[in-house]
Structures are given as structure tokens and as C-alpha cells.
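# Inside the fold
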Amino acid sequence: MSMDTSEGAKAGTGRAGAREWAGLAVVALLILVVSADLNVLHLAVPKLSADLRPGAAQLLWITDVYGFVIAGFLITMGTLGDRIGRRRLLLWGAAAFGGASVLAALAPSAEMLIGARALLGIAGAMVLPSALSLIRAAFHDPGQRKLAIAVWITAFSVGSALGPLLGGVLLQHFWWGSVFLPGVAAIVPLLAAGPVLLPEYRDPGGGRLDLPSAALSLGAVLAVVYGLKQIAEYGPGSAAAAAILAGLAVGAVFLRRQVRLADPLIDVRLFADRVFSGALAAQALGVFIMGGTFFLVAQYLQLVLALSPLEAALWLVPTALALVAGSMTAPLLAQRIRPAHVMGGGLLLAAGGFAVLSLADGSTLTYVVAGFVVVALGLSPVVALSTDMIVAAAPPERAGSASGISESGNELGQALGIAVLGGAGTAVYRGRVEDSLPAGVPAEGAQAAQDTLGAAISVAQGLPADLSARVTDVSRDAFTDGLQVVALICAVIAAVLALLTVALLRAAPPGAGQSPEGAEDAPEKAPGGTVTGSVSGDLPDVTRDDAGAVLVGEPAAADTALGDELRERTPGLLSLSRFVSVDGESVLLYAQTTGDERVAGLFRALGVEYTEYVLYRSHAPETSRVPGCVVAVSVETRDATVARQWSDAVIAALESEGHAGGLSAHLHISTDGKRVLNYAEWADERAHRAAMDDTHPESPQWRLVQEMPGVKPLGFQRYHLDRTVR
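Model, not experiment: these values are computed from the prediction.

Cut-offs used in this document
- Residues numbered from 1 in each chain as written.
- Predicted model: local features only at pLDDT ≥ 70, side-chain atom pairs only at ≥ 80, totals over all residues.
- Heavy atoms only, no water.
- Helix = DSSP H or I, 4+ residues; strand = E, 2+ residues; numbered from the N terminus.
- Buried < 20%, exposed > 50% of the residue type's maximum accessible area, 1.4 Å probe, protein only.
- Contact = heavy atoms within 4.5 Å.
- Areas by Shrake-Rupley, 256 points an atom, 1.4 Å probe, with all protein chains shown as cover.
- Polar contact = N/O pair within 3.5 Å; in protein donor to acceptor, adjacent residues only side chain to side chain.
- Axes fitted to C-alpha atoms, helices over the stretch in contact; angles between N-to-C directions.
- Parallel < 35°, antiparallel > 145°, perpendicular 65-115°, else oblique.
- Left-handed = near helix turned anticlockwise from the far one by under 90°.
- Salt bridge = Lys/Arg side-chain N within 4 Å of Asp/Glu carboxyl O.
- pLDDT = per-residue confidence, 0-100.
- Phe/Tyr/Trp six-rings, centres within 6.5 Å; stacked < 30°, edge-to-face > 60°.
- Pairing = 2+ DSSP bridges.
- 1 Å grid on protein atoms, 1.4 Å probe; cavity = no way out; pocket = protein on both sides within 12 Å on 5 of 7 lines; lining within 4 Å.
- Points joined across faces, edges and corners; volume = space filled by probe spheres on them.
- Nonpolar A, V, L, I, M, F, W, Y, C, P; charged D, E, K, R; others polar.
- Arc of directions from axis to C-beta.

### Digging into the overall build of the chain
Along its length, the chain carries 24 helices and ten strands. Scored against the burial criterion, the 726 residues of the chain give a buried share of 58%. Long-range pairs, those at least 24 residues apart, make up 81% of the contacts in the chain with a sequence separation of at least 6. Accessible area for the chain stands at about 27300 Å²; split by element, carbon and sulfur atoms hold 61% of it.

In C-alpha cells:
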């Protein structure tokens, strides 16, 4: 089992302190600016066009290349962070972002600006998954981690919403390049404080980055996103279809390669995890309906209600505040209510917001602003909690890769929402305009007016006053009809997604959620059962209160020395017991630790493959007899919820049935929630053989393996204690 390395890591089960929260603050500032750069340039287009005189194609690339490159590099950069260190990649990305921002601000030509925006995209792709995976590694407590991810989501959401507003303020006083300079200011505190506040995390067994996989992932994502954006801007066409099909084909080759690689760019096995896949789907579909609707609402405010870009940005501030409120409230609710129910409730609230939005009448702000605020309030918990589930469901050493997948899902969901929902709204618009356009409009102008609302208003400006007003009214009413239809579609999607989310993610409990951290999934002692320590002075005291984690490894019998000096050299090691199997063929090491990473380093130095557990429940019916045999029984479970259910069922069965000669049973759950170890003490080997060998299929724990879905046996072994060092 690979573990994250940390230069100053806290115990895996500890709570974050002031240092971690201060580190989050400087990271959140950078995330806000990175997300703002997605939209900050839109208001600068008129000044930029007058200064650099880009062609039509160049102007599209200036605005779109940043988002394209971010989407294409997210998976690669997430995995690269796992390999070389997430803090290192974050700081490199921040420095590159600042440098590219200066290049963009001072670009003397359209070509230079396109190149600078592409570099900004690469830097942004370095920053986003690195920041998210660092949160996963630094905040072990589930409640704190949810809140930290909510801060991350809030920073990203606020940056996206306030980008146009920030750009508008700067453009009133400075040249068009000034919109890039906040990116320079944001990296200063991060580069100054990041090395001190942010610990380094990486996967020591990550292997080399597979460059062909990186190229395939880049090609697949770029082609699909490009095709979707083409559909959003120009409608369906052969070029867009070809790009999407090519991207899907490259993606298929990419996935097939990942299955064969020893060190894949993404671990496709993650998608077999129901929580991971369900959360990823909920996140992507939530962004899908939010992104598609935002695309239409932004046009509605400027083209239907005739607001200036800055005025439109100001009316979107309440939506940004709703995003903040929903993102920050979700972790608090998830401490008491199952995350799936919080997300389902948010989706139903969003469905209501879309219903309000569908009442937009083309003349007032009320329904649009109020409806979109409710939508944001409902969808923000979905994005915040699903992001936490995605990152927490992945093994710690794969957090960067999982973060890249999460961010790619966001980008693809948004692009797909703009293409599909924007296309639906455009289809309604064209049908209404075609049916209602007044006579007298030149054929060429009529054709242009049917394409987009912006084109219709431009055509109207060249017509006589009466005809111009009628064309404007018809086109604005048609666009409003399209917005209403899309809002109703989104209401239905949100309602259906609410039901699916509750069904797919209902296993995630309140408070802990689905987390691979041991203290998150099973730290508490469940009610019932008598909890006592081991009765032998030589055996480890399994239930000692100061043990934050248990490392269990199985080295070759002759390969592992165990001396008193190990205890002195390894802070955080409470006890280390060496067991030898009764047949002499295998060795089991059982180490109780405070959770200090240096103990895991000891095991790695010894070449021991190990699993990290947390004690969940104990059952000790007999405390007066000295154990003569220890039995290790292990099973694999689908997720942490099943692990707890199986452990509870074993304890209940032992309490009601028991076994003659069985002295105690201690159920441990691994920190990824997918393995249970029953460390059982028996009077002697003969007692265990008499109880288990003849009736093994009828024993409580093995019978429960057959009865409970999501549980499969890994085996059992009898051991005698060789030595314990405390």
C-alpha cells in the first residue's frame, strides 16, 4: 500500500490547525483569480480589438484558448502532481500563471496574446487539481475537509461570477491588459507563504508519467470540448460532429491504454466505485444545467433587458452570494444529514428555482434574478459535496488524479451544458423568429436574425424605426421563450437527478461521508459489546485509547528484525508485535501508532507491504484466560458503509452465538474503507480448530460473508506471538 509522504504531515487522524487554514486562504485567493480569468476578458474585447486588430478566428481563440487548454491538461497535471509533489506543482503553476499574466497584459499582437492565454491555461491546469488534492491531504477530519472543499468551491464560483465585474471596473480606468494583472498580485502571497504553510504530498510509488497517455488525454478532451463549443456558437455541423467523434475515439484508445499500464495516468478502477462514479455524475450534471442556463441568462440580461455588461455583472452578484452560502452551508448540514439527502434536497430546491426562472417575461428582472439565485443556492451543495466524495473516494496517493478527473468532469459538463441546452434554446428561438418575423425584412437580414438574438438586434438597427422595433420585440420574445423552455427542461433534470443521487449515494453516512481516511470512516466505538484490552501482558493492548492507527503487514518470515531500538528510533510507534504463523510460513506485524507518518516510513524501509486500519469495535466475553493463539481474519468490502455493517453484524453474531475458546474479537476497518481485519484471541490453537475447521461455513463471520452483498473473503491465518516491543 502506497502512502502519501509529507514533510510536516500531521497524523492521518488529526484535525487541521491554524497552519492548514492559513494555507487554504492563500490557495483560495489564487483559485479565485484563476477562475476569474475564464470570464474576465469578455468585457475587454472592444478595446482589445481596436488595439490589436485580431481577425474573427483570432478573436475566438483569444477568448476560448484559456478554457480549452485548462480542460485538456487537467488530468495530466493532476497525475503529475501525484508523481512529483502537489505543493511543488502548485507553486510552479502559480509562478507560471503570474509570468503568463504579465505576457498577456503586455502582448503587442494577437498571436502573442493567444500564446500567453495558452500558457495561462497550462498554468491554471497545474494549479486547480494540485490545490484540490492538497486539501484532501491536509484536512483529514471529514467535517473540516468538507468545509475546506466548500471554501475551494466558493473561491472558484465567486471568481467565475465576479470576473466580468472585476474586468469592468479595471477597464473604466486602465487599458485592456489591466484585466490580467490581478493574477500577478494573487501569486505573491502564495509564493511567499506556500513553502511554509503547505506541506508536500506525493505518491512515492507513483512511477513515471506516461507521455503517450498525456497526449491522448489532451487530444481527447480538446477535441470534444472544441466540438461542443462549435455547436454552442454555430449550431450542429459536420466539423463539430467530426471533432467530437475524433475526441471520443482518442478517448477510447486512452482508456484502453490505462487498463494495460502498470502506472496509468488515471486509475480506471476508480469508476467501479459506486460513490466515486455517482458523485462524478451528480457533479457533472449539476454543472451541466448550471452552465447551460448561465449561458442563456447572461445573454438575456444584456440582449433582452438591454443592460450593459457591467450592469449585468452587478445583477449576477446575488447569484454569487447564493453560491457562497450554499457551498459553506452544505458541510454543516452534511454533519447531521446524509450527504445524499443534502444533495437531493438541493437539487429539488434548484428544480424550484428553474421553475421560477421559466416565468421570465422579457420585461423585468424579478423572475430571472430570483430564480437563478435559488438555482445557485440549490446546486452549490451538490458541487461541494460531490467534489468531496470524489476526492475522498480515491486512495490518498491518487488524490491528484481524482482531482483532475473531477475538474475535467466540471469542464466537460459546462461545455456540454452550453452546447446542448444552448442548442435547445437556440432551436426554440429560431422556430419562433421564423414564424413571427414581420414582412419587409430583407432576406439576408431575415436569415441572420434567425441565427442569434445578437444578429437580430444588429439587423434591426439598420431598419426603419417601426420595423426595427417589431423585429427587436419578436426576437427578444423568441429568446425569452427559449429560456423558458430550457428552464423547464432543467427543472425536470434536477428533479430526476435528485432521486438518482439519493439512490446512488445513500450509503454515505452523515459526518464521515465516503472517505479513505481511517478516522473518518470508522473511528468511533459502536455501541454494544464489552470493550476491554487484551488479557495477556505480552500481547498488544488492542483497545488502548492513544492508538490513532494500526499498521498491519506481512513480510517474509526471515526478512524482518524486531529489536528494542526500533521503538526508540520511531516517534509515534506505541507498540510493535511480531506474530509467526503456526505453520512457520508467514509473519504478521501489528503496529499501534499515534498516526505519525514516520511509522509508515519504518515499514517501507523494512520493505513491508502494509494496510492501515482503525479499530472499530471489540467483543471480549472472556477476560480471565490468557490467549494462546491469535487468528487474523480479513475480508474485502465494497465501501466503508458495508465494512461497518459487516463488522456490526459479526459482533452481534458473536454476542448471540459465540464460540467455545474464543476470548475476544477486535474488528478493524482499513483507512480506505474497503477491508476489515478481525484480530481474534483464542484460548489456544486446538480450541480454534475445534470451533472453526469442522463448522467453518457455519461460523458467524463467514456465514455473513455469503449473506451480505459487497463482502468477499480474503482468508484467515493462525499465529503465535513471537515478540512485542512497546
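### Some points on the side chain of Ser664
Topologically, Ser664 is positioned in strand 8 (residues 662-670). We classify Ser664 as buried; its relative accessible area is 8%. At 2.7 Å, the side chain of Ser664 forms a polar contact with the side chain of Glu681. In contact with Ser664, not counting residues within four places along its chain, are His619, Ala620, Pro621, Tyr679, Ala680 and Glu681.

### Description of the packing of helix 1 (residues 18-36) against helix 4 (residues 86-105)
The geometry of helix 1 relative to helix 4 is characterised by a closest axis approach of 12 Å and an angle of 45° between their N-to-C directions. Taken together, the axis directions place helix 1 and helix 4 in an arrangement best described as oblique. Classified by chirality, the crossing of helix 4 by helix 1 is left-handed. Residues Val27, Leu30, Val33 and Val34 of helix 1 lie in contact with helix 4, whose contacting residues are Leu90, Ala94 and Phe97.

### Some details on the pattern of salt bridges
Using the criterion set out here, one finds four salt bridges in the structure. A salt bridge links Arg432 to Asp481, with the shortest nitrogen-to-oxygen separation between them at 3.3 Å. Linking Arg432 in helix 15 (residues 399-436) with Asp481 in helix 18 (residues 465-505), this pair joins segments that are 49 residues apart in sequence. The partner of Arg617 in a salt bridge is Asp648, with the nearest N and O atoms 3.3 Å apart. With Arg617 in strand 6 (residues 610-619) and Asp648 in helix 22 (residues 640-656), this residue pair connects regions lying 31 residues apart in the sequence. When its relative accessible area of 26% is taken as the criterion, Asp648 is described as partly exposed.

### So, the confidence of the model for the chain
Do not read the fine detail of predicted coordinates wherever pLDDT is low. Looking at the chain as a whole, its pLDDT mean stands at 76, while 80% of the residues score no less than 70. Element-level mean pLDDT values for the chain span from 36 in helix 19 (residues 518-521) up to 91 in helix 13 (residues 339-357). Here residues 1-13 scores under 50 on pLDDT; set against residues more than four positions off or in separate chains, the count is 49 contacts. Taken together, the stretch residues 512-537 has pLDDT below 50 and engages in 94 contacts with residues farther than four places along the chain or on a different chain.

### Section: the packing of aromatic side chains
Per the stated rule, a full pass over the model turns up three aromatic pairs. Measuring from centroid to centroid gives 4.9 Å for Tyr590 and Tyr679, while their planes differ by 40°, and the two rings are tilted. Of the two residues, Tyr590 sits in strand 5 (residues 587-593) while Tyr679 sits in strand 9 (residues 675-682), which places them 89 residues apart along the sequence. Residue Tyr590 is classed as buried on the basis of its relative accessible area of 0%. An aromatic cluster is present here, built from Phe579, Tyr590 and Tyr679 joined pairwise through their rings.

### What about unusual backbone geometry?
Here the phi dihedral of Ala306 falls at roughly 60°; this positive angle occurs in a residue that is not glycine. With respect to the element layout, Ala306 can be found in the loop between helix 10 (274-304) and helix 11 (309-315).

### Focus: the sheet that holds strand 5
Strand pairs in the sheet, formed through backbone hydrogen bonds, run parallel or antiparallel to each other. As summarised here, the arrangement of the eight strands in space is 3-5-4-10-7-9-8-6, forming a closed barrel in which the pairing is antiparallel. Shown here is a sheet whose adjacent strand axes are inclined to one another by a mean of 35°, direction ignored. Note that strand 4 (residues 573-581) and strand 10 (residues 711-725) share six bridges and pair antiparallel. Considered in strand 10, the bridge of Ser577 is made with Thr724. Packed on one face of the sheet, helix 21 (residues 597-605) meets strand 3 (549-553), strand 4, strand 5 and strand 6 and runs near 5° to strand 3. Along the sheet, helix 22 contacts strand 6, strand 7 (629-637), strand 8, strand 9 and strand 10; its crossing angle with strand 6, the most-contacted strand, is approximately 40°.

### So, empty space enclosed by the protein
Scanning the model with the defined rule gives five cavities of 30 Å³ or more in all. Size it by volume and the second largest cavity reaches roughly 90 Å³. Those elements that place two or more of their residues in the lining of the second largest cavity are helix 1 and helix 5 (110-138). When grouped by side-chain class, the residues that make up the lining of the second largest cavity number ten nonpolar, one polar and one charged.

### Considerations on the pairing of strand 9
Burial analysis of strand 9 places seven of its eight residues in the buried class, which makes it a mostly covered element. Linking strand 8 to strand 9, which pair antiparallel, is a turn of four residues; within it Gly673 sits at a positive phi near 70°.

### Side note on the pairing of strand 3
In terms of burial, strand 3 is largely enclosed, as five of its five residues are buried. Burial along strand 3 is two-sided: the face carrying Ala549, Leu551 and Gly553 and the face carrying Val550 and Val552 are both buried. In this sheet, strand 6 lies alongside strand 3 in antiparallel orientation, the contact comprising four bridges. Bridge pairing in strand 6 links Val552 to Thr611.

### Focus: the environment of Thr329
Along the chain, Thr329 falls in helix 12 (residues 317-334). Along the backbone, Thr329 and Pro381 are 52 residues apart, and their C-alpha atoms lie at a distance of 7.6 Å. There is a polar contact of 2.6 Å between the side chain of Thr329 and the backbone oxygen of Ala325.

### Some points on the side chain of Ser358
Mapped onto the elements of the fold, Ser358 is located in the loop between helix 13 and helix 14 (366-393). Here the side chain of Ser358 touches Ala355 through a polar contact of 2.5 Å, landing on its backbone oxygen.

### Details of helix 16 (residues 443-451)
Among the residues making up helix 16, those that are buried are Gly445, Ala446, Ala449 and Gln450. What you see down the axis of helix 16 is that its buried residues fit within an arc of 140°, all on one side. Exposed residues lying more than 90 degrees from the buried face of helix 16 are Ala443 and Glu444.

### What to know about the packing of helix 17 (residues 453-460) against helix 18
In contact at an axis separation of 9 Å, helix 17 and helix 18 are set at 170° when each is read in the N-to-C sense. On the basis of their axis angle, the class for helix 17 and helix 18 is roughly antiparallel. Contact residues: helix 17 offers Leu453, Ala456, Ile457 and Ala460, while helix 18 offers Ser468, Val471, Thr472, Ser475, Arg476 and Phe479. Broken down by class, the residue content of the contact of helix 17 with helix 18 amounts to six nonpolar, three polar and one charged.

### Focus: the environment of Val368
Looking at the secondary structure, you find Val368 in helix 14. Leave out the neighbours within four places in its chain, and Val368 touches Val297, Tyr300, Leu301, Leu357 and Ala360.

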